[in-house]
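Structure at a glance
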Amino acid sequence: MRNLRFCSNGSALCGITLLLSLILPPGVAGAVDVIANKSVAVDSLSLASARAIFGMRQVKWPDGTPIRVFVLPDDHVLHGAVCKERLNIFPYQLRQSWDRLVYSGMAQAPSEAMSEEELLNKVAATPGAIGYVRKVKANDPVKILNVE
Amino acid sequence: MLNKWRLCLFWGAAFWSLSASAQELAEGVQAHGFLSQSVVRTSDNNVGGNSDDELASDLRELGVNLSWRPNPDWLISGQALARWAGETDEGSLRLDYGFVDRTLYNSGEAQIGVRLGKIKNPYGFFNTTRDVAQTRPGVIMPQSIYLDQVRNFFLAAPGISLYGNADSDQGALSWQVSAMRPEVDDVDLEYMTFLRDLPGKFAGRNSWLGQVMLDRDGGRWRMGVSLGEMNMRYQPGRSPPLDLLGGTHRLPTWVLSVQHNSEDWTYTAEYAQTQVIARDYGSAFEDNTIESGYLQATRRFADSWQGYLRYDVLYLDRDDRNGMQFASPLPGAPPAHSRFAKDWVVGVRRDLDRLALSAEIHHVDGTAWLARVDNPVAGLVRKWDMLLLQAAWRF
């Protein structure tokens, strides 16, 4: 039922997300993939690490490269999906935690892309970038990061 | 006229800053900001100007910050703030914070670092961003713990701070310890401490504040303890009997913070005690303990609507909660109800992207947190109501 809340935008994508989540068992559905620039030297992230990265607390990869976080607007269906399915956190909490950091000077904000396509292009073009898309296609110029 | 002129200047500056609101100015450089405007009407007493049976609009905030991360181990940030709140704050531009942050240790899931400069003080859930309307739990802060009259004392101070974060699959632990010298040269604090504006002034002394915050299960439970001791010294401006002798105030303080978050509901509770220990001064001040706390339930509805209910209590002396021992029959003496405030708040908020619109109604018994500068003792009314409307923007 939780996916129903994602559908406030009324897009067809919502219907598909809902359908997939009904057909496939939870955890396998994977309506959203965490992606990274191909230069990133890791292939998987722990849940803690993924939360620390999207929470803007962890700012560099193990090899020292700066992490660049790209996200979609708060009310975007995919943003809701990555928060709940991959990070296990509510989108409003991620926003509160960013605002606490940004307006006290303790960290910088993630970069916002206006569409999924723009986000994919930015992650592909920016060394050290991380983001998320609905499903990575075979020829997309990014790599998938498994969040475990 | 002057007010209208100021209002134009404020909104002019606001829109100018918003027109340049590109967040990423250059590689590693970001700009963000916020502004808010509130109107307030009270049945009695004054908040944010002359609000007693009138509409007061002297409640505004405008802030712009810049941050630069030249590489992952360094961060330089600063924020300029202008704030208007009745007679207590009249929009002077100041440095809200400005510091250099150096990461000393980074293992991926854990970081330790140090900050040097003017740093926001961790105190409860909300102190570090109390001037950013979107981050507050309502239109105004719960006044019990985040008393506006002592905001500058607790808000930010020049000093040094050691901090750390550790993320595990179960939760995230963050901590910060700051040593600082608070900025205390405002008249509100003299009213809070001496009940009047004296010729001399306070100066900050070495103080410290620390906080540990635990986010369990992705923040479904958030629990924190803040504690420290804020210190200041009063330097008289005149000789007795026109002024007090010099003296010191120590304020050991702690706050317990608990929050539960679910998809639709957030429950927040905070409880604090602050001792007020005065020494010297040539006249006897009795030590006392300020006790405060609030409970709030927030419900999120569809289309970015939310509603909330809060009960907020402040006792300026926990051993004299009703103020009867404090009250004096002498004419012009502050009444017993100036020692407590019990505040029921109900509010709604709607978020439209970066804009937040809020409305909130208060039903208050007591006058402890009203600004004395805006509220002469003779005009204080014990039971009063307040309506607040607010529009807030951030980028």
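**A closer look at the overall build of chain A**
When helices and strands are tallied, chain A shows five helices and six strands. Along chain A, from the amino end to the carboxyl end, the secondary structure elements read α-β-β-α-β-α-α-β-α-β-β. Of the contacts formed within chain A by residues at least 6 apart in sequence, a portion of 65% connects residues at least 24 apart.

**Points about the overall build of chain B**
Tallying secondary structure elements over chain B gives three helices and 18 strands in all. Over its C-alpha atoms chain B spans a radius of gyration of 21 Å, differing by no more than 12% from the 21 Å that the globule rule assigns to 395 residues. When the backbone C-alpha atoms are referred to their principal axes, chain B occupies close to 65 × 45 × 40 Å. A burial count over chain B gives 43% of its 395 residues as buried.

**Looking at the interface of chain B and chain A**
At the interface, 35 residues of chain B touch 28 residues of chain A. Secondary structure elements with two or more residues in the side of chain B that touches chain A: strand 2 (29-42), strand 3 (56-71), strand 4 (74-85), strand 6 (94-106), strand 7 (110-120) and strand 8 (156-167) of chain B. The element contributing the most residues to the side of chain B that touches chain A is strand 3 of chain B, with four residues. Residues of the side of chain B that touches chain A, tallied by class, amount to seven nonpolar, 21 polar and seven charged.

**A short note on the nonpolar core**
In terms of nonpolar packing, the biggest core is built from 51 residues, with Val34(A), Ile35(A), Ala36(A), Val82(A), Val123(A) and Ile130(A) touching the most fellow members. In this structure, Val82(A) is in contact with Val32(A), Val34(A), Leu87(A) and Tyr132(A), ignoring residues within four places of it in sequence. If you look at the next biggest cluster of nonpolar residues, it comprises 50 residues, including Val139(B), Val184(B), Met192(B) and Leu316(B).

**Here we look at the confidence of the model for chain A**
Residues and elements named next belong to chain A. Per-residue confidence for chain A gives a mean pLDDT of 83, with 80% of residues at or over 70. The low-confidence segment residues 1-10 (pLDDT under 50) makes 15 contacts with residues lying over four places distant or belonging to another chain. Low pLDDT, under 50, characterises residues 20-29; the stretch is placed with six contacts to residues that sit more than four places away or in other chains.

**Regarding unusual backbone geometry**
All names here are of chain B. Phi angles above zero are rare outside glycine, and asparagine 45 is one such case at about 65°. Within the secondary structure, asparagine 45 is located in the loop between strand 2 and strand 3. With a phi angle near 70°, aspartate 280 is a residue other than glycine that sits in the positive phi range. Inspection of the secondary structure puts aspartate 280 in strand 13 (residues 265-280).

**Quick word on helix 4 (residues 91-102) of chain A**
Its twelve residues give helix 4 of chain A an end-to-end C-alpha distance of 16 Å, which sits within 8% of 16 Å, the value for a rise of 1.5 Å per residue. Within helix 4 of chain A, the full set of buried residues consists of Pro91(A), Gln93(A), Leu94(A), Ser97(A), Trp98(A) and Val102(A). End-on, the buried residues of helix 4 of chain A take up no more than an arc of 165°, which puts them together on one face. Tucked inside the fold, the buried residues of helix 4 of chain A contact helix 2 (47-54) and helix 3 (77-87) of chain A together with strand 2 and strand 12 (247-261) of chain B.

**Digging into the pairing of strand 6 (residues 143-147) of chain A**
All names here are of chain A. In this structure, strand 1 (residues 33-36) lies alongside strand 6, joined through three bridges in antiparallel fashion. From the neighbouring strand, alanine 36 faces strand 6, where its bridge partner is lysine 143. By the bridge criterion, two bridges tie strand 2 (residues 44-45) to strand 6 in an arrangement that is parallel. Across the sheet, residue leucine 45 finds its bridge partner in strand 6, namely valine 147.

**Considerations on the confidence of the model for chain B**
All names here are of chain B. Of all residues in chain B, 94% have pLDDT values of 70 or greater, and the mean over the chain is 89. When mean pLDDT is taken per element in chain B, strand 15 (residues 305-315) scores highest with 97 and helix 1 (residues 2-19) scores lowest with 59. On the interface metric, ipTM, the complex scores 0.89, and its pTM is 0.87.

**Things to note about the sheet that holds strand 3 (residues 68-71) of chain A**
All names here are of chain A. Reading across the sheet, the six strands line up as 2-6-1-5-3-4 and stay open at both edges, with mixed pairing between neighbours. Whereas interior strands pair on both sides, the edge strands pair on one side only; in this sheet they are strand 2 and strand 4 (111-112). Across two bridges, strand 3 lies against strand 4 in parallel orientation. Looking at the pairing, valine 71 lines up with glutamate 112 of strand 4.

**What about the environment of Asn121(B)?**
Residues and elements named next belong to chain B. Checked against the element boundaries, asparagine 121 lands in the loop between strand 7 and helix 2 (151-155). Accessibility expressed as a C-beta count within 10 Å gives 27 for asparagine 121, which makes it buried. For the pair formed by asparagine 121 and glutamine 211, sequence separation is 90 residues and the distance between their alpha carbons is 9.2 Å.

**Some thoughts on the environment of Val132(B)**
Position of Val132(B) among the secondary structure elements: in the loop between strand 7 and helix 2. When the C-alpha positions of Val132(B) and Asp167(B) are compared, they lie 27 Å apart, and in sequence the two are 35 residues distant. Ignoring sequence-local partners within four residues, the contact set of Val132(B) consists of Asp99(A), Tyr103(A), Phe34(B), Gly63(B) and Arg394(B).

**Considering the pairing of strand 15 of chain B**
Side-chain direction in a regular strand flips from residue to residue, so the side chains alternate between the two faces of the sheet. All names here are of chain B. Bridge count between strand 14 (residues 288-300) and strand 15: ten bridges; the pairing is antiparallel. Of the residues in strand 15, the one forming a bridge with arginine 300 is glutamine 306. As consecutive antiparallel partners, strand 14 and strand 15 are separated by four residues, and within that stretch aspartate 303 has a phi angle of approximately 55°, a positive value. Taken together, the eleven bridges between strand 15 and strand 16 (residues 340-352) define a ladder with antiparallel strand orientation.

Cut-offs applied
- Residues numbered from 1 in each chain as written.
- Chains lettered and ligands numbered in written order.
- Predicted model: local features only at pLDDT ≥ 70, side-chain atom pairs only at ≥ 80, totals over all residues.
- Helix = DSSP H or I, 4+ residues; strand = E, 2+ residues; numbered from the N terminus.
- Contact = placed C-beta atoms within 7 Å.
- Rg over C-alpha atoms; globule rule 2.2 N^0.38 Å.
- Buried ≥ 20, exposed ≤ 12 C-beta atoms within 10 Å, placed from the backbone.
- Nonpolar A, V, L, I, M, F, W, Y, C, P; charged D, E, K, R; others polar.
- Core = buried A, V, L, I, M, F, W, Y, C linked by C-beta atoms within 7 Å.
- pLDDT = per-residue confidence, 0-100.
- Expected span 1.5 Å × (residues − 1).
- Arc of directions from axis to C-beta.
- Pairing = 2+ DSSP bridges.

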